[in-house]
Amino acid sequence: MLDQEQQAVRAGAMRPFMPFLFATGIENSYPTILGRDGRVQRVDEMAKTGHYDRWREDFGLVRELGLEYLRWGPPYYRVHLGPDRYDWAFADEALAELQRLAITPIVDLCHFGVPDWIGDFQNPDWPELFAAYAGAFASRYPRVRFYTPVNEIFVGATFSAQIGWWNERLASDRAFVTALKHLVRANLLAEQAILSARGPAGTFFIQSESTEYFHPESPAADERAGFHNQKRFLSLDLCYGVDVRACMYRYLVENGLTPDEYDWFLQTGRRMKPYCIMGNDYYWTNEHSVPAGDGPITASGEIFGYYIITKQYFDRYHLPVMHTETNLADAERAPGWLKKEWANMVRLKQDGVPIIGFTWYSLTDQVEIAPELTGHGLPLAKCEAYNRVYDQHARSG
């Protein structure tokens, strides 16, 4: 493994030669939820969109669009059958077809769920198990260069352990911190395993993460909004080894993160950071309105927009940026949204932010679960349901 100075030199030498990654994606989320009948069920987006039956057609559509990059990954819960046990059949066929079509995958290894035999994100054994999976994947598919080891860590921890909708379905700060530290640890250990399997040359980790902002409704709400505006950074702070504000360190430690664990995140995150590209996901639901007191946090709609919020994240992490997710469900307004997001990204690049890619997400429709369960699945949680998180489960900080 290269030392930190060598990594920085290596990363700096590689980035000027990075092609622009104009991409689309195929949603591969699979959280478990509790149905109205009291039974646990898995919401597999690839199954709901028919991708398992029509994946060759879907890949062909990517090629017809003239795109050379695709955010895609095999369903982790179907592949990882047990410790050191994997079913690679679907991944073998799909990745061979992407290679034939000259489409470069950005491989999404974990998207909001784990195999049944692992349980959920509260399992302390999961990070090491996932790292073994990531290493085995990289060894089997050495041509894969771009990875999102764990997608949207902040969202995954929030929906699973802060508001009680997915997977472990817990709703406490301690459960949130536990899920957060396990997701980040899994991400970092997976990065190490991938680097060990395929080497550092040409390997990049695109950490797709939801970029948020909380607007105070009045001066009396400043402190509360400020807490949430620090909390939004926690997943990337730990992934990149950034020392958090004192209020966030206290929050983490009071809810189960030990000082030794925190030190490990700082050290490991800093070692992995030179291999990273910051992926910023932005939807109109990413901005929130915070009242004074303990009233519900609600949707604000787009106020700052992608430019301002991404600039905040860039100023904190100083990494190359890829716009890794955006869309609008309204078909008539979607072209205007695409034009605006592109313009925001171009302006960022002109103002000195190293933008290396853009993603319209996703290629296929994104299908909500059954109407009686609306609001507790994905991906429409990225639209109206996402802000109901704060309506129903506001945290005062």
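Residues numbered from 1 in each chain as written. Predicted model: local features only at pLDDT ≥ 70, side-chain atom pairs only at ≥ 80, totals over all residues. Heavy atoms only, no water.

Observations concerning the pairing of strand β12 (residues 287-290)
Turning to step 1, where the next piece is worked out: Residues Glu287 and Ser289 point to one face of β12 and His288 and Val290 to the other, with burial holding for every one of them.
Turning to step 2, where the next piece is worked out: Sheet topology note: the strand β10 (residues 213-216)/β12 ladder contains 4 bridges and is parallel. Bridge assignment links Phe214 to a residue of β12, and that residue is His288.
Turning to step 3, where the next piece is worked out: Where β12 and strand β13 (residues 298-299) come together, 2 bridges link them in antiparallel fashion. (Buried < 20%, exposed > 50% of the residue type's maximum accessible area, 1.4 Å probe, protein only. Helix = DSSP H or I, 4+ residues; strand = E, 2+ residues; numbered from the N terminus. Pairing = 2+ DSSP bridges.)

Remarks on the environment of Leu95
Turning to step 1, where the next piece is worked out: Secondary-structure assignment places Leu95 in helix α5 (residues 89-100).
Turning to step 2, where the next piece is worked out: Sequence spacing of Leu95 and Val144 is 49 residues, and the spatial spacing of their C-alpha atoms is 9.0 Å.
Turning to step 3, where the next piece is worked out: Ignoring any residue separated from it by four or fewer positions in sequence, one finds Leu95 in contact with Trp72, Pro105, Phe137 and Tyr141. (Contact = heavy atoms within 4.5 Å.)

What about the packing of helix α9 (residues 222-231) against helix α11 (residues 246-254)?
Turning to step 1, where the next piece is worked out: Following both chains from N to C, one finds α9 and α11 inclined at 75°, their axes separated by 10 Å at the closest point. Classed by the angle they form, the pair α9 and α11 counts as roughly perpendicular. Across the interface between the two elements, Phe227, Gln230 and Lys231 of α9 pack against Cys247, Met248 and Tyr251 of α11.
Turning to step 2, where the next piece is worked out: Its residues assigned to classes, the contact of α9 with α11 comprises 4 nonpolar, 1 polar and 1 charged. (Axes fitted to C-alpha atoms, helices over the stretch in contact; angles between N-to-C directions. Parallel < 35°, antiparallel > 145°, perpendicular 65-115°, else oblique. Nonpolar A, V, L, I, M, F, W, Y, C, P; charged D, E, K, R; others polar.)

Considering the pattern of salt bridges
Turning to step 1, where the next piece is worked out: On inspection of all chains with the given rule, the structure shows 17 salt bridges.
Turning to step 2, where the next piece is worked out: Each of the salt bridges in this network shares a partner with another, and the network as a whole consists of Arg56, Glu93, Glu97 and Arg100. (Salt bridge = Lys/Arg side-chain N within 4 Å of Asp/Glu carboxyl O.)

Here we look at the packing of aromatic side chains
Turning to step 1, where the next piece is worked out: As enumerated under the stated definition, the model contains 39 aromatic pairs in all.
Turning to step 2, where the next piece is worked out: With a centroid separation of 5.1 Å and 35° between ring planes, the pair formed by Tyr86 and Trp88 is classed as tilted.
Turning to step 3, where the next piece is worked out: With centroids separated by 4.8 Å and ring planes inclined at 45°, the aromatic side chains of Phe112 and Trp166 adopt a geometry described as tilted. Of the two residues, Phe112 sits in the loop between β7 (104-110) and α6 (126-140) while Trp166 sits in the loop between α7 (153-162) and α8 (173-198), which places them 54 residues apart along the sequence.
Turning to step 4, where the next piece is worked out: Residue Phe112 is classed as buried on the basis of its relative accessible area, which comes to 1%.
Turning to step 5, where the next piece is worked out: Trp166 gets classed as buried once you look at its relative accessible area, which sits at 0%.
Turning to step 6, where the next piece is worked out: Among the aromatic residues, ring-to-ring pairing joins Tyr76, Tyr86, Trp88, Phe121, Trp126, Phe130, Tyr133, Phe137, Tyr141 and Tyr147 into one connected group.
Turning to step 7, where the next piece is worked out: Lying over the aromatic face of Tyr77, Arg42 brings its terminal NZ or CZ to 4.2 Å of the ring centre.
Turning to step 8, where the next piece is worked out: It is Arg78 that lies over the ring of Tyr52; its NZ or CZ is 4.0 Å from the centre. (Phe/Tyr/Trp six-rings, centres within 6.5 Å; stacked < 30°, edge-to-face > 60°. Lys NZ or Arg CZ within 6 Å of the ring centre and 35° of its normal.)

Note that all results are geometric; they support no functional claim without further evidence.
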